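Coordinate analysis (summary)
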Amino acid sequence: MFNRLFGESDKEKMEFLEVRVPVSLVLVILSIVISAFAEEATMVIALLGYYWAWELIKRWFGVASIFTLIAGMKNIVLGVIVGLAFLIVGYFCGLITLLLATICYISLKMSKHS
């Protein structure tokens, strides 16, 4: 499963994950800490979710097809509902992908040291 998400070989996976995972985890921790003082800080986690989900969403749905679907609807309310559903699915897919990336990164680091 990790091969399809992050690269075929261990080297490709490490190149993909080496910068992204530590930076993402630092941003999540900072966002959680800062959210004690300002509620808007949790928006960083939402943006990270979309950052991690973007490739996944492009492969599953095709960005052009979703926007075409929304733009081609005759009922604007249905178009807005589809757009919001797309954003919600993207957010949760991104958070799951971030979690999987963290697990993959840790396992690659552990296997490298052993």
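Coordinates for the structure precede this section.
Position labels on residues start from 1 in each chain and follow its written sequence. Thresholds applied to this predicted model are a pLDDT of at least 70 for local features of residues and 80 or more for the giving and counting of side-chain atom pairs; totals over whole chains, interfaces and linings are not thresholded and use all residues. Note that water and hydrogens are dropped before the side-chain values are worked out from all heavy atoms of the structure.

1. Thoughts on the layout of surface pockets
Cavities and pockets are found on a 1 Å grid laid over the protein atoms alone: a cavity is a set of points where a 1.4 Å probe fits but cannot escape, a pocket is an open set with protein on both sides within 12 Å along at least five of seven lines, and a lining residue has an atom within 4 Å of such a point. Grid points are joined across faces, edges and corners, and a volume is the space filled by probe spheres set on the points. Quantified by volume, the second largest pocket comes out at close to 190 Å³. Considering the residues around the second largest pocket, the lining is formed by 11 residues, among which F16, Y51, W52, W54 and E55 are closest to the centre. At the level of secondary structure, the elements contributing two or more residues to the lining of the second largest pocket comprise α1 (2-6), α2 (10-34) and α3 (43-60). Helix numbers and strand numbers start at the N terminus; a helix is a DSSP run of H or I with at least 4 residues, a strand a run of E with at least 2. The dominant element in the lining of the second largest pocket, judged by the number of residues it contributes, is α3, at six residues.

2. Details of the nonpolar core
Residues F6, L17, V21, W52 and A101 are the most contacted members of the largest nonpolar core, which totals 20 residues. For this core, the elements supplying multiple residues, two or more each, are α1, α2, α3 and α5 (76-113). The dominant element in this core, judged by the number of residues it contributes, is α5, at eight residues. The contact partners of W52, leaving out residues within four places of it in the chain, are F6, F16, L17, R20, V21, S24, G94, T97, L98 and A101. Only buried Ala, Val, Leu, Ile, Met, Phe, Trp, Tyr and Cys residues count toward a nonpolar core, and they belong to the same one when joined by side-chain atoms within 4.5 Å. Under the scheme applied here, a residue whose accessible area is under 20% of the maximum for its type counts as buried, over 50% as exposed, and between as partly exposed, the area being computed with a 1.4 Å probe on protein chains only. Whether two residues are in contact is decided by their heavy atoms, any of which lying within 4.5 Å being enough.

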